[in-house]
Amino acid sequence: KALDDGPPKARSWARRWRVGTGEALQCQADSSFSIVSEVRSGRYLRHLFEALYAREGRWTRVGVNLGAGLTGEGDDDPLSLWARDLAARVLMVDGDGGHLQAALAELSGSAAELLPLVGYATPLDVEEGSLGEVLSELGPQVDVLKIDIDSFDCAVLRAVLRRI
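Residues numbered from 1 in each chain as written. Predicted model: local features only at pLDDT ≥ 70, side-chain atom pairs only at ≥ 80, totals over all residues. Heavy atoms only, no water.

J.: Please clarify how the layout of surface pockets should be interpreted in this entry.
T.: Left-over empty space is what a probe sized like a water molecule reveals as it rolls over the atoms. The volume enclosed by the second largest pocket comes to roughly 380 Å³. What lines the second largest pocket is a set of 23 residues, among which Gly67, Asp94, Asp148, Ile149 and Asp150 lie closest to the centre. Elements with a minimum of two residues in the lining of the second largest pocket: strand E2 (89-94) and strand E4 (144-147). (1 Å grid on protein atoms, 1.4 Å probe; cavity = no way out; pocket = protein on both sides within 12 Å on 5 of 7 lines; lining within 4 Å. Points joined across faces, edges and corners; volume = space filled by probe spheres on them. Helix = DSSP H or I, 4+ residues; strand = E, 2+ residues; numbered from the N terminus.)

J.: Help me understand the pattern of salt bridges in this model?
T.: A pair can form between side chains of opposite charge whenever their charged atoms are brought close. Applying the stated criterion to the full structure yields 6 salt bridges. With its nearest N and O atoms 3.1 Å apart, the salt bridge here joins Asp85 to Arg46. Residue Asp85 is found in helix H4 (residues 80-85), and its partner Arg46 is found in helix H3 (residues 43-53); the two are separated by 39 residues along the sequence. Its relative accessible area of 16% is what places Arg46 among the buried residues. The salt bridge involving Arg89 is made with Glu113; its shortest N-O contact spans 3.0 Å. Here Glu113 lies in strand E3 (residues 113-118) and Arg89 lies in strand E2, a separation of 24 residues in the sequence. A residue is classified by how much of its surface remains accessible, and Glu113, at 39% relative accessible area, is partly exposed. Several salt bridges converge on common partners, so that one network encompasses Arg46, Arg84 and Asp85. (Salt bridge = Lys/Arg side-chain N within 4 Å of Asp/Glu carboxyl O. Buried < 20%, exposed > 50% of the residue type's maximum accessible area, 1.4 Å probe, protein only.)

J.: Please explain the side chain of Ser110 as it appears in this structure.
T.: In this fold, Ser110 is placed in the loop between helix H5 (97-106) and E3. A relative accessible area of 14% places Ser110 in the buried class. A polar contact is formed between the side chain of Ser110 and the backbone oxygen of Ala83, at a distance of 2.9 Å. Not counting the four nearest positions on each side in its chain, Ser110 is found in contact with Ala83 and Arg84. (Polar contact = N/O pair within 3.5 Å; in protein donor to acceptor, adjacent residues only side chain to side chain. Contact = heavy atoms within 4.5 Å.)

If you want it as structure tokens, here you go:
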């Protein structure tokens, strides 16, 4: 529904957080459009970065994907479309080599340089281990960082931000 068709309290909340001037959509579980599915599938990030890359800027098209592995049929990664269609280099890290291979297979048509690393993303490995070394090689500017490691994501984020 259009934003103006919603209840007054919802309209007020949506306007407070709204960015841009395009038509606002109210997403519902029974609707054919879901922002959750847009994010999970990677379509949202691809569209966002297409818009950002169309503007002047110091974009590197470099990304870091911690927890990059795919676990099975129907699994998707929010960075997969960005990595396939827009990236120049992507560090892909997962603790399960089979899951990481599945993610690499999904990106087989990508022109990006894919840097796979089988290992667990821990704060210590970022600060003192092989993951930290590879992060340093990527350079100081990364366009996108995704962390989905199912444990101490915030501590790993702090370590990564100190490193790059």
